[in-house]
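Analysis of the macromolecular model
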Amino acid sequence: RADLRAISRVMEGIEDVVNCKASIASLMSVGDHLGAIEALRVARSLLAQTPEQESGDGSSQHLSLGKLRALSKVGEQLDEYEKLVVRNITDELVDTFLSWGTEGDIDFRAPPRISLTTDRRANIRGVVQSLRLCGQLSVAGATYQKRLCDLISVTVKAIVTECVADAAKTTSNGADASAKGISGVASMSLDQFLDCLKMLFEQVLGLMWGAVAVNKYCISEGILLDDKAAANEATNSTDGQGNEASQLTKSATAAALSAAADLAEKSVSELLRLRREAHSLVSFDGMRQLWDTSLTFTLQLERFSGKKAYGLRSTLLAQAKSFVERKHEANMSSLVAALDSERWVQCNVSAERQAALTRLCSGRAAFSSRATARGTETAAAANVPPSPAAKMADADVEGLRYKVVWSCLLLLEMVMDDVACAAHFQTLATNIVGKVCELLRLFNTRSTHLVLGAGAIHSAARLKSINAKHLAIVTQCIALMLAILPHIRAALMAQLPAKQHALLTDLDKIKTDYAEHSEKVLNKLVSIIGGIVEHSLAPKIAKTSFDERGATMPMPESPDAALECCAFLDSVLTNTTKMHQVLKVMLPDELLRDVFSRIFAYLDHKIPSLYKAAAISAEKNFTMPTTDNGKIRLIKELQYVTGALNCLPGVLPWKFTAMKVLEQELDIVVIQPEPEDTPQEEDVADEKKEADDGAPTPSVDLGPIDNKEGQEENIEGDGNLPANDEASSGKEEVPEEHTTTIPKEQVKSPLEEHAAPSDTQDEETSHEQNDVSATPPNSEDEAPVVKEETETVEASE
């Protein structure tokens, strides 16, 4: 009976095992994976049971069902069932995670959603519980990470291959390009590549958005997908530390999210590296669009992954730096070519360029909306001289107008593009400051060589000579750059951190160089007149006899009447007047006054010096007048010339002292009419003290203007001002001026001073004369008077 009872218990256990094994397939077929797992556990526990049987002596013996021959294969079958169940529920869980958020449109800017229906939450909890019972949570986490990375790789490859094939169809050989696969990315145009990137970024960010939502859900539900973490959580739950341990342990979903972000970063970086050479040749607008698109994706990827995408950022930075370097090399070459072919004629300033200048001056240089029209505009087309009937538009900067040439406009365009680059690629702002300085230095040094150094005569422009118009337009261009430089400095400073503001000292040095260049050009205009007066007109002095002119040519009765001057003085007046006609059209009023103040100062000193030098020369072709009429004739002609010069429109009246110097040399005083405003006694005393001190006068720079020698022509009506090397070989020191007091008994009336200018011009007159005069004026608030009397002073016997 005992054996029968033991056999009965064994048969009952075998029946239970068989029933559990049969129920597993049924439960799996209806999708009840948790029930299947429970059936597996029950079957395993039944196999592990040891039913007891009583022996004949009353002792109990244990029998293991797993040792029965009929059930020897059941354990293996249960293992296979378990693998199948685990695979099915793992695939179900992974599919649920990967399809998160694909049911509708996704706004990547919004935080990922973790809201789920009650049934779906219960289903996920059941699957996770089943995996926990099987000890396969880590396998599920690894499977999810692998499937997510594989999905991103397949998405990238499929999109890029399709875009390469579409790009090849629109060009030429589609079969060859499609065979290349991802390697054909380099042959795509920029627009095609940007479309490909936008499609790729949208799909990848969609997957990343779902991964972030899954991670947030798992954290909120305490799902770690890690068997060790689950065991620790179960152990700590008895001590009340389960929640804290789950928060400190990194979940498998977070690891999957990090791995997916790394893969996406590497994939996009590799795509960009394949087009490294192509991106260095794109336009600024194209590079800006590529930078903005890629940077937006990078920031979104960093927000999802919670870490910096250093690899993608370094790739973007390297490509932007390569673009800036290549663009700067092209700018330098274009500027050199434009300067070499520059004919130094005025160029029209379009409304688009004027708008760009206005944006720069108003602090909005970074918001450039200029279309890339440089490809359609060439230096050759811009250098074509305008028709006489066409009115050229000047550049307007803060209310001041400047005439500019094409190369100057090109320089401004390049500088403003660099400022826009610094605003968009702020990490490269320090490099761009150096590029801007190089462009500005190149224009300054090259224009100095071409105009002041007469290099334009031998350049591609092949100018016949350098004339006053060329010098005037260079002065205008330099003045425009000096007006723009503070705005360029402010625009670049806004893009630099405070500790790097010291880099802008180079711009301050460049401003000084431009100011020195402008000063040299203004002195060159003076040297042109100097070369003509000293070498072309000075020989005419020897042919003049003022004693004969005073005896044969009567003086006009009216002081305002025209006076026939000698050939030398008449030529000086004629050439200076023609110079004025040229410069008045080309220069603004302020520069015109500056230039002619310098010219008047030079003539004021040089004319008496030439007469003295001619009188003491070894050739003895000229002698100072000895008769009173001859002396008076010389003084009156010189007074007429200086008065006519002061009457030129737009010039600042100059107080000429040449008449006083010749009066002292001739030992005669010509009585002048009583001025309306007589100088103060203190001013006269200051003048005498200043004259007694014998202060030396500044020298006039007479640098070379071209390489021609022996030119004797005067200034032509078209503004051609040839100068010779002899006249401009170097600086000429101006001798000191001394005044001599005339005894009172030799003078019928005291020597009248020049009339003072109007009150509104007092300060400006003294400032201009103190800055540029070759001989110091007698008073700071006086200007010469043109009107004179024809009376003479008889010498006492």
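Residues numbered from 1 in each chain as written. Predicted model: local features only at pLDDT ≥ 70, side-chain atom pairs only at ≥ 80, totals over all residues. Heavy atoms only, no water.

**As for the overall build of the protein**
This is how the line gets drawn: Put simply, DSSP marks the helices as runs of H or I at least four residues long and the strands as runs of E at least two long, and each gets a number from the N terminus on. Buried means the residue's accessible area, taken with a 1.4 Å probe over protein chains only, is under 20% of the maximum for its type, while exposed means over 50%, and partly exposed covers the values in between. Any pair of residues with heavy atoms lying within 4.5 Å of one another is described as a contacting pair. Accessible areas in this description were obtained via Shrake-Rupley with a 1.4 Å probe; residue shielding takes into account the shown protein chains only.
Across its full length, the protein carries 26 helices and six strands. For the protein, the proportion of its 797 residues judged to be buried stands at 49%. If you take every contact in the protein between residues at least 6 apart in sequence, the share linking residues at least 24 apart comes to 82%. Summing over all exposed atoms, the protein offers an accessible surface of approximately 38100 Å²; the carbon and sulfur share of this is 52%.

**Section: the pattern of salt bridges**
Heads up, the condition is: A carboxyl oxygen of Asp or Glu within 4 Å of a side-chain nitrogen of Lys or Arg is what we treat as a salt bridge.
In the structure shown here, the tally under the stated rule is 21 salt bridges. Across the pair Asp-340 and Arg-446 runs a salt bridge, and its minimum N-O distance is 2.6 Å. Highlighted residues: Asp-340 in helix H13 (residues 310-340) and Arg-446 in helix H17 (residues 429-452), separated in sequence by 106 residues. A relative accessible area of 18% means that Asp-340 is categorised as buried. The salt bridge partner of Glu-534 is Lys-606, with a shortest N-O separation of 3.8 Å.

**Observations regarding the packing of aromatic side chains**
Applied cut-off: Under the pairing criterion, centres of Phe, Tyr and Trp rings, with the six-membered ring standing for Trp, must be within 6.5 Å; the plane angle then separates stacked pairs below 30 degrees from edge-to-face pairs above 60, leaving the rest tilted. Whether a charge lies above a ring is judged from NZ of Lys or CZ of Arg, which has to be within 6 Å of the ring centre and within 35 degrees of the ring normal.
A complete count under the given rule lists eleven aromatic pairs for this structure. On the numbers, 5.9 Å between centres and 65° between planes, the contact of Phe-546 with Tyr-611 is edge-to-face. Separated by 65 residues along the polypeptide, Phe-546 in helix H20 (residues 546-552) and Tyr-611 in helix H22 (residues 589-615) bring together distant segments of the chain. Summarising the burial analysis for this pair, Phe-546 and Tyr-611 share the class buried. A ring pair is formed by Phe-600 and Phe-656, whose centres lie 5.6 Å apart and whose planes are at 50°; its orientation type is tilted. On the criterion of sequence distance, the pair formed by Phe-600 in helix H22 and Phe-656 in the loop between helix H23 (628-646) and helix H24 (658-666) is long-range, its members being 56 residues apart. Across the pair, Phe-656 and Phe-600 agree in class, each one buried. Among the aromatic residues, those joined into a ring-pair cluster are Phe-284, Trp-291, Phe-323 and Phe-425. The ring of Phe-193 has Arg-275 lying over it, and the distance from NZ or CZ to the ring centre is 4.6 Å.

**Describing unusual backbone geometry**
Although it is not a glycine, Ala-454 adopts a positive phi angle of roughly 60°. Its place among the elements puts Ala-454 in the loop between H17 and helix H18 (468-493). Positive phi values are uncommon outside glycine, yet Asp-667 reaches one of about 60°. You can see Asp-667 is positioned in the loop between H24 and helix H25 (681-693).

**Focus: the packing of helix H14 (residues 351-361) against H18**
For clarity, the cut-off: Axis lines are fitted through C-alpha atoms, for helices just across the contact stretch, and the angle between N-to-C directions can take any value from 0 to 180 degrees. Just so you know the grouping, Ala, Val, Leu, Ile, Met, Phe, Trp, Tyr, Cys and Pro go in nonpolar, Asp, Glu, Lys and Arg go in charged, and all remaining residues, Gly too, go in polar.
Closest axis-to-axis distance for the H14/H18 pair is 9 Å, and the angle between their directions is 60°. Contacts between H14 and H18 involve Leu-357, Leu-360 and Cys-361 from the first element and Ile-484, His-487, Ile-488 and Ala-491 from the second. Each residue belonging to the contact of H14 with H18 can be placed in one class, and the counts come to six nonpolar, one polar and no charged.

**Quick notes on the packing of H22 against H23**
This is how the line gets drawn: With respect to orientation, any angle under 35 degrees is reported as roughly parallel, any angle over 145 as roughly antiparallel, any angle of 65 to 115 as roughly perpendicular, and every other angle as oblique. Left-handed describes a crossing in which the near helix is turned anticlockwise from the far one by less than a right angle; the clockwise case is right-handed.
It is at 12 Å that the axes of H22 and H23 come closest, and there the two elements cross at 165°. Viewed along their axes, H22 and H23 adopt a mutual orientation that is roughly antiparallel. For the element pair H22 and H23, the recorded crossing hand is right-handed. Residues Phe-600, Leu-603, Ile-607 and Tyr-611 of H22 pack against Leu-634, Leu-638, Leu-645 and Asn-646 of H23. In terms of residue class, the contact of H22 with H23 is built from seven nonpolar, one polar and no charged.

**Quick notes on the confidence of the model for the protein**
Quick reminder of the rule: The predictor's confidence in any single residue is recorded as pLDDT, a number from 0 to 100.
When pLDDT is averaged across the protein, the result is 75; 71% of the residues are at 70 or more. Note on residues 237-249: pLDDT is under 50 here. Beyond four places in sequence and across chains, it has eight contacts. Here residues 369-390 scores under 50 on pLDDT; set against residues more than four positions off or in separate chains, the count is 29 contacts.

**Here's the deal with a nonpolar patch on the surface**
Basically, it comes down to this: Patch construction takes residues with relative accessible area above 30% that form no salt bridge. Like charges are linked within 9 Å, and nonpolar side chains (Val, Leu, Ile, Met, Phe, Trp, Tyr) are linked within 5 Å.
A surface patch of nonpolar side chains, about 330 Å² in accessible area, is lined by Leu-4, Ile-7 and Met-11. By the element assignment, Ile-7 lies in helix H1 (residues 2-29). The class of Ile-7 is partly exposed, set by a relative accessible area of 48%.

**With respect to the environment of Ala-542**
Turning to its location among the elements, Ala-542 is positioned in the loop between helix H19 (505-537) and H20. Its relative accessible area of 31% is what places Ala-542 among the partly exposed residues. Spatially, the C-alpha atoms of Ala-542 and Ala-614 are 7.0 Å apart, while their sequence positions differ by 72 residues. Every residue in contact with Ala-542, bar those within four places of it in the chain, is listed here: Asn-621 and Phe-622.

**Let's talk about the environment of Val-582**
Locating Val-582 in the fold gives a position in helix H21 (residues 567-586). In this structure, the C-alpha to C-alpha distance between Val-582 and Ala-468, residues 114 residues apart in sequence, is 7.1 Å.

**A word on the nonpolar core**
Spelled out, the test is: Side-chain atoms within 4.5 Å are what join buried Ala, Val, Leu, Ile, Met, Phe, Trp, Tyr and Cys residues into a set we call a nonpolar core.
Membership of the largest hydrophobic core comes to 205 residues, with the highest contact counts inside it found for Trp-344, Phe-425, Leu-440, Phe-568, Leu-583, Phe-596 and Tyr-611. Here this core gets 18 residues from one element, more than from any other, and that element is helix H7 (residues 190-221).

**Some thoughts on the environment of Val-156**
Turning to its location among the elements, Val-156 is positioned in helix H5 (residues 137-171). Residue Val-156 is classed as buried on the basis of its relative accessible area of 8%. In the structure, Val-156 is positioned 47 residues away from Gln-203 in sequence and 8.6 Å away in space, judged by C-alpha atoms.

**A short note on the state of the cysteines**
Heads up, the rule is: Put simply, a disulfide is two cysteine sulfurs that come within 2.5 Å.
A full pass over the atoms with the stated rule returns zero disulfides. A disulfide-free cysteine, Cys-566 has its sulfur positioned 6.6 Å from the sulfur of Cys-565, the nearest such atom.

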